[in-house]
Amino acid sequence: MTTLEAQNIKIADYLLAQGYRPVKEKGVNFWYRSPFHEERTPSFHLNAQKNLWHDFSTERGGDIIRLVQNL
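The shown structure was predicted, so the numbers you read here are calculated from the model rather than taken from an experiment.

Asks: Describe the packing of aromatic side chains, listing the residues and the values that go with them.
Replies: Under the definition given, this model contains five aromatic pairs. For the pair Tyr32 and Phe44, a centre-to-centre distance of 5.9 Å together with 85° between the ring planes defines the contact as edge-to-face. Residue Tyr32 is located in strand 2 (residues 29-32), and its partner Phe44 is located in strand 3 (residues 44-47); the two are separated by twelve residues in the primary sequence. The class for Phe44 is buried, based on a relative accessible area of 0%. Ring geometry for Phe36 against Phe44: centres 6.4 Å apart, planes inclined by 55°, an arrangement best described as tilted. Three or more aromatic residues link up through ring pairs in this structure, and these residues are Tyr32, Phe36, Phe44 and Trp53. Above the face of the Phe36 ring, Arg60 is positioned so that its terminal group lies 4.5 Å from the ring centre.

Written as structure tokens, this is what we have:
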């Protein structure tokens, strides 16, 4: 698999395959509980249209490759 092929994997599909489901959805924006630690209030944001994520609790973010590296 090339880097470009990997970047085209939808983060929402990857998270679902890993057992993470969104807590809240609003249009193309999805909110999850952080996969990096336990929490009650979702701080992990995914913009499905841009296929980019940001975890407000850890101040990390990026594309699918960065997500897999961080996990």
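Asks: Describe the nonpolar core, listing the residues and the values that go with them.
Replies: Ile11, Leu15, Phe30, Tyr32, Phe44, Leu46, Trp53, Ile64 and Leu67 together form the largest nonpolar core, which totals nine residues. Those elements that place two or more of their residues in this core are helix 2 (11-17), strand 2, strand 3 and helix 3 (64-70). When sequence neighbours within four positions are dropped, the list of residues in contact with Trp53 reads Ile11, Phe36, Phe44, His45, Leu46, Arg60, Gly61, Gly62, Asp63, Arg66, Leu67 and Asn70.

Asks: I'd love a proper account of unusual backbone geometry, names of residues and values included.
Replies: What you tend to see is this: most non-glycine residues have negative phi, and most peptide bonds are trans. Phi angles above zero are rare outside glycine, and Asn51 is one such case at about 60°. Judged by relative accessible area, which is 14%, Asn51 ranks as buried.

Asks: I'd like a description of the sheet that holds strand 1 (residues 24-26), backed by residues and values.
Replies: By definition, the strands of a sheet pair up through backbone hydrogen bonds, in either a parallel or an antiparallel sense. Ordered in space as 1-2-3-4-5, the five strands form an open sheet in which the pairing is antiparallel. Sheet topology places strand 1 and strand 5 (60-62) at the edges, where each strand pairs with a single neighbour. Neighbour-to-neighbour, the strand axes of the sheet open up by a mean angle of 15°, direction not taken into account. Bridging between strand 3 and strand 4 (residues 52-55) involves four bridges; their strand directions are antiparallel.

Cut-offs and rules
- Residues numbered from 1 in each chain as written.
- Predicted model: local features only at pLDDT ≥ 70, side-chain atom pairs only at ≥ 80, totals over all residues.
- Heavy atoms only, no water.
- Phe/Tyr/Trp six-rings, centres within 6.5 Å; stacked < 30°, edge-to-face > 60°.
- Helix = DSSP H or I, 4+ residues; strand = E, 2+ residues; numbered from the N terminus.
- Buried < 20%, exposed > 50% of the residue type's maximum accessible area, 1.4 Å probe, protein only.
- Lys NZ or Arg CZ within 6 Å of the ring centre and 35° of its normal.
- Core = buried A, V, L, I, M, F, W, Y, C linked by side-chain atoms within 4.5 Å.
- Contact = heavy atoms within 4.5 Å.
- Pairing = 2+ DSSP bridges.
- Axes fitted to C-alpha atoms, helices over the stretch in contact; angles between N-to-C directions.

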